[in-house]
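Residue-level listing of the chains:
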Protein chains: 2
Amino acid sequence: MPSEKSENGRSVNQRVTIREVAAKAEVALSSVSRALSGHPDVSDEMRKRVKDVADELGYEPNLVAQSLRSGVTRTIGFVVRDINNPMFALLARSCEQELRRNGYSMILVNSDRNIENENRNFSLLRRRRVDGIIASLVSEDSPYIKKNLAGPRCPIVLLDREVKGINASAVLADHAAGVHQAVTQLIKAGHREIAFVTGSNNVYPTRNRLQGFTKAFEDANLKVQPDLMAIGGFDADYALSHARILLHRNPAPTAILAGGHGALMGISRALKEKNLTMGKEIAFIALDQLPYLEVFSDNISTVYRDTEAIGREAAILILEGIEGEKPRVSVIETEFIERASSQGSI
Amino acid sequence: MPSEKSENGRSVNQRVTIREVAAKAEVALSSVSRALSGHPDVSDEMRKRVKDVADELGYEPNLVAQSLRSGVTRTIGFVVRDINNPMFALLARSCEQELRRNGYSMILVNSDRNIENENRNFSLLRRRRVDGIIASLVSEDSPYIKKNLAGPRCPIVLLDREVKGINASAVLADHAAGVHQAVTQLIKAGHREIAFVTGSNNVYPTRNRLQGFTKAFEDANLKVQPDLMAIGGFDADYALSHARILLHRNPAPTAILAGGHGALMGISRALKEKNLTMGKEIAFIALDQLPYLEVFSDNISTVYRDTEAIGREAAILILEGIEGEKPRVSVIETEFIERASSQGSI
DNA sequence: CTCTTAACTGGAAACGTTTGCTATAGGCAA
DNA sequence: TTGCCTATAGCAAACGTTTCCAGTTAAGAG
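Residues numbered from 1 in each chain as written. Chains lettered and ligands numbered in written order. Predicted model: local features only at pLDDT ≥ 70, side-chain atom pairs only at ≥ 80, totals over all residues. Heavy atoms only, no water.

Participant: I would appreciate a short explanation of the interface of chain B and chain A in the present structure.
Facilitator: How big an interface is tends to be stated in terms of accessible area lost as the parts join. With 50 residues of chain B at the contact, the number on the chain A side is 50 residues. A buried area of about 5,000 Å², summed over both sides, lies between chain B and chain A, and 54% of it is on carbon and sulfur atoms. Viewed at the interface, chain A and chain B are joined by two salt bridges. Of the charged contacts in the structure, one is a salt bridge between A:Glu60 and B:Arg126, with a shortest N-O distance of 2.7 Å. Applying the counting rule to chain B against chain A returns 20 residue pairs in polar contact (both at pLDDT 80 or more). When contributions to the side of chain B that touches chain A are tallied by element, the ones reaching two or more residues are helix H4 (63–70), helix H5 (86–101), strand E2 (105–110), helix H6 (115–127), helix H11 (261–273) and helix H12 (291–296) of chain B. Broken down by element, the residue count for the side of chain B that touches chain A peaks at six residues, all from E2(B). Along the lines of polarity and charge, the residues of the side of chain B that touches chain A split into 23 nonpolar, twelve polar and 15 charged. (Contact = heavy atoms within 4.5 Å. Buried area = accessible area lost by both parts, 1.4 Å probe. Salt bridge = Lys/Arg side-chain N within 4 Å of Asp/Glu carboxyl O. Polar contact = N/O pair within 3.5 Å; in protein donor to acceptor, adjacent residues only side chain to side chain. Helix = DSSP H or I, 4+ residues; strand = E, 2+ residues; numbered from the N terminus. Nonpolar A, V, L, I, M, F, W, Y, C, P; charged D, E, K, R; others polar.)

Okay, here's the thing in structure tokens:
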């Protein structure tokens, strides 16, 4: 392994460039470039000669220079609304895997539920000249949204967001179907006071879930009770305060749906305060694929969506965009998985 | 907000360059560069003029070109051994936050517990000319390790790894102390058959933990029982098969320590198979800060380490390295947090 | 034997910045 | 007035690649 030793007299701090390879191989720069990049106009002999010298010198092409010249960075930006939500870790991971399989790297940036941060993140990624951006937006109507989504030559994939007037690709989960199944099941089991804690109404998943929720009541010829729906924020503190109110209601809810990680955190704290156990005194259903749920407790009923599939699909869509294909929307199914916690005391 | 509209006649696909800013402001390229980068040799009038034009045109400097010219990418590579371990999500997140606060981006790559992947990851990051690499290595003696850690001009921070003959910085957790506390506590409570499932011996954390483990027995004038120590792999399957063996032992262990995420997964499955509950028939202690533990069940005793502090510290060390400071090792304390699960049936 | 063509190879210009050096202008001291 | 210094601005050369274009060689056709 000759490339391991610090190459004759040359300083170990200096990186070897294509120029040195060319010199040592006694060929032109352009030939080195072609030989190593798999260009067809190169003789076998030349290619071998160059490759040998490159290996010998431990040449590693400078991707920065390649990017500048070729205009392509082979990098995708991933803007995530709230990295504290473990669902996004799962999502980003599967997405990164798929991208890497296709020769792309990922730069992940976190907006921390803040629109200004989000805007800065987009700007950063543009300055880095990423080839595409996958984004989980804080909201669907930020003042910067037009600027950031209609950018020059940079395909966008939106995650679970609908922004009108933008032709970006998107991966949407069909939350409504799973929620409909779940609530229908609860109703069948005799539940009537079904509470729902979920995010704010200005994003697609909330709207979509509520559609499924209300439709389940309609289909059962029941009226949905508005004061059992806590809509307005994804964070745990919000969920906690609203869960407290819900639990003190009269009549008390006999079942409760948690719309995502934050809601689950808040609700589980509120339940503990009242010494209630999920699935015992109150039926409980979690939305989203929360990795720790599957990992640790196997009795929580869930409206499942395949988060890793979403990540992969996002990668596929962004690669399509880079290839110049038209943006398109991809829908991921959800499914109610019934386990012990949705039984409750009824 | 004039920069939002697609700037007079110019194609929206073309990015505006420093050259166009210079032309429109009727000054030299170099003046634009200096004005925007805060160089001192610029008059106030020039700076204002340039900034106004830059804003007007929506100029966003090309970081690729900047990097090529300046030799600095303001990017840190993060090589993670196994992204499936949720601890790393936590770690990477806090690290990224700290880096970003200092104007750096992070590229995260996953080795998937494979040495070849790890080697490729290092190579990729070098080609991208990252300014530094933070790495959680698969093992401490891969054949590529010398090449990858003694690289040119690129500071390295190792996470929980000791590699001799390399002068890289490192963040090490003092696992031994926490494990010692935990085991001592168990012994005091009357436990004698204490099992330990942990990773392979060729990495620092395992060795370090075992030191704490055996020392606790020595300090109590007891002999550690080698057949209760399952050493050899971090993955859940390994842990599962070994936990099965341990649970069938005679006399059965009355307490069990899980060395990290994989071990915990395996053990919890093995316990379920035998219909045992953590903290009931068998005392249970988890090592590492596993986010889902804190989040979901509040009764698991833990040898806690502040994972986010590790991430921050890694960021600090890598930034020091970039500043040209000498590598150094930073130690993070661990602490036994006693909760219900370590009571067991004794 | 010459001409055409194919198959390579080399030279040099770009990509968008930063930065060292040089030039100009005005201010101030002599 | 002259000379020098300071503050500022411009020019042009890098950074390490890719890629267009032109040139060379050898082979095959006539």
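Past the structure itself, the notes keep going.
Participant: Just checking my understanding: could you explain the sheet that holds strand E7 (residues 229–231) of chain A for this structure?
Facilitator: Strands in a sheet are paired, the pairing made by backbone hydrogen bonds, and the direction either parallel or antiparallel. Residue and element names in this part refer to chain A. Ordered in space as E7-E6-E8-E9-E10-E12, the six strands form an open sheet in which the pairing is mixed. Across the chains shown, the open sheet's two edge strands, defined by having one partner strand only, are E7 and strand E12 (334–337). Strand-to-strand, the axes of this sheet are offset by a mean angle of 15°, without reference to chain direction. When strand E9 (residues 283–287) meets strand E10 (residues 301–305), the two strands line up parallel, connected through three bridges. Opposite Ile 285, over in E10, you have Ser 301 as the bridge partner. The strands touched by helix H9 (residues 204–219) within the sheet are strand E6 (194–198), E7, E9 and E10, with E6 carrying the most contacts at an inclination of about 170°. The strands touched by helix H11 (residues 261–273) are E6, strand E8 (255–258) and E9; relative to E8, the strand with the most contacts, the crossing angle is about 140°. (Pairing = 2+ DSSP bridges. Axes fitted to C-alpha atoms, helices over the stretch in contact; angles between N-to-C directions.)

Participant: Mind showing me how you'd approach the packing of helix H10 (residues 236–247) of chain B against H11(B) here?
Facilitator: Helices that pack against each other are described as a pair by the angle of their axes relative to one another and the distance between those axes. Residue and element names in this part refer to chain B. The interhelical angle for the contact between H10 and H11, taken along N-to-C directions, is 45°, at an axis separation of 7 Å. Classified by the interaxial angle, the pair formed by H10 and H11 is oblique. H10 and H11 meet at a crossing whose hand is right-handed. Between H10 and H11, the contacting residues are Ala 236, Asp 237, Ala 239, Leu 240, Ala 243, Arg 244 and Leu 247 on the first element and Gly 262, Ala 263, Met 265, Gly 266, Ile 267, Arg 269, Ala 270, Leu 271 and Glu 273 on the second. The class makeup of the residues in the contact of H10 with H11 is ten nonpolar, two polar and four charged. (Parallel < 35°, antiparallel > 145°, perpendicular 65-115°, else oblique. Left-handed = near helix turned anticlockwise from the far one by under 90°.)

Participant: Before we go on, may I ask you to explain the packing of helix H1 (residues 18–25) of chain A against helix H2 (residues 29–37) of chain A in this structure?
Facilitator: All names here are of chain A. Viewed as axis vectors pointing N to C, H1 and H2 meet at an angle of 105°, and their least axial separation amounts to 8 Å. It follows from the interaxial angle that H1 and H2 lie roughly perpendicular. Facing H1, whose interface residues are Ile 18, Arg 19, Val 21 and Ala 22, H2 presents Leu 29, Val 32 and Ser 33. Its residues assigned to classes, the contact of H1 with H2 shows five nonpolar, one polar and one charged.

Participant: Is there a simple way to think about the protein's contact with DNA strand C in this case?
Facilitator: Around DNA strand C there are 23 residues in total, and A:Ser43, A:Arg69, B:Ile18, B:Ser33 and B:Arg69 lie nearest to it. Taking the atoms of DNA strand C that fall within 4 Å of the protein, sugar and phosphate contribute 58% of them. Contact distances for DNA strand C include 2.8 Å between a base nitrogen and a side-chain N or O atom of A:Arg69. Measuring from a phosphate oxygen of DNA strand C, one finds a side-chain N or O atom of B:Gln66 at 2.9 Å. Sorting the residues of the surface near DNA strand C by element identifies H2 and helix H4 (63–70) of chain A together with helix H2 (29–37) and H4 of chain B as the ones contributing at least two each. (Near = heavy atom within 4 Å.)

Participant: Is there a simple way to explain unusual backbone geometry in this structure?
Facilitator: Negative phi values dominate among residues other than glycine, just as trans dominates among peptide bonds. All names here are of chain A. Across the junction of Asn 250 and Pro 251, the peptide omega takes the value 0°, indicating a cis bond. You can see Pro 251 is positioned in the loop between helix H10 (236–247) and E8. Positioned with a positive phi, Arg 129 is a non-glycine residue whose angle comes to about 60°. The residue Arg 129 is located in the loop between helix H6 (115–127) and strand E3 (132–135) in this model. Classification of Arg 129 by relative accessible area gives buried; the value is 12%. Of note, Asn 275 is a non-glycine position whose phi angle comes to about 60°, a positive value. (Buried < 20%, exposed > 50% of the residue type's maximum accessible area, 1.4 Å probe, protein only.)

Participant: Can you help me understand the protein's contact with DNA strand D in this one?
Facilitator: Residues in contact with DNA strand D amount to 23 residues; listed here are only the nearest, A:Ile18, A:Ser33, A:Arg69, B:Arg34 and B:Arg69. Counting only atoms of DNA strand D within 4 Å of the protein, the sugar-phosphate share comes to 58%. One of the backbone nitrogen or oxygen atoms of B:Ala28 is found 2.9 Å away from a phosphate oxygen of DNA strand D. Here B:Ser31 contributes a side-chain N or O atom positioned 2.9 Å from a phosphate oxygen of DNA strand D. Elements with a contribution of two residues or more to the surface near DNA strand D: H2 and H4 of chain A together with H2 and H4 of chain B. Take the surface near DNA strand D: its biggest share by element is four residues, from H2(A). Partitioned by chemical class, the residues of the surface near DNA strand D number ten nonpolar, eight polar and five charged.

Participant: Looking at this structure, I do not really get the environment of A:Leu91. What am I missing?
Facilitator: Residue and element names in this part refer to chain A. Residue position: Leu 91 is located in helix H5 (residues 86–101). On the basis of relative accessible area, Leu 91 is assigned to the buried category, the value being 4%. As for Leu 91 and Asp 306, which are separated by 215 residues in sequence, their C-alpha atoms are 9.3 Å apart.

Participant: Any chance you could explain the pairing of strand E4 (residues 156–159) of chain A here in plain terms?
Facilitator: It is a general feature of regular strands that their side chains alternate between the two faces of the sheet. Residue and element names in this part refer to chain A. Every second residue of E4 is oriented toward a common face, with Ile 156 and Leu 158 on one face and Val 157 and Leu 159 on the other, all of them buried. As judged from the three bridges shared by E3 and E4, these two strands associate in the parallel manner. Paired with Ile 134 across the bridge in E4 is Val 157.

Participant: Help me out: how do you make sense of the environment of B:Met229 in this one?
Facilitator: Residue and element names in this part refer to chain B. Summarising the element assignment, Met 229 is placed in strand E7 (residues 229–231). Classification of Met 229 by relative accessible area gives partly exposed; the value is 21%. In this structure, the C-alpha to C-alpha distance between Met 229 and Ala 195, residues 34 residues apart in sequence, is 5.8 Å. In contact with Met 229, not counting residues within four places along its chain, are Phe 196, Leu 210, Phe 213 and Val 224.

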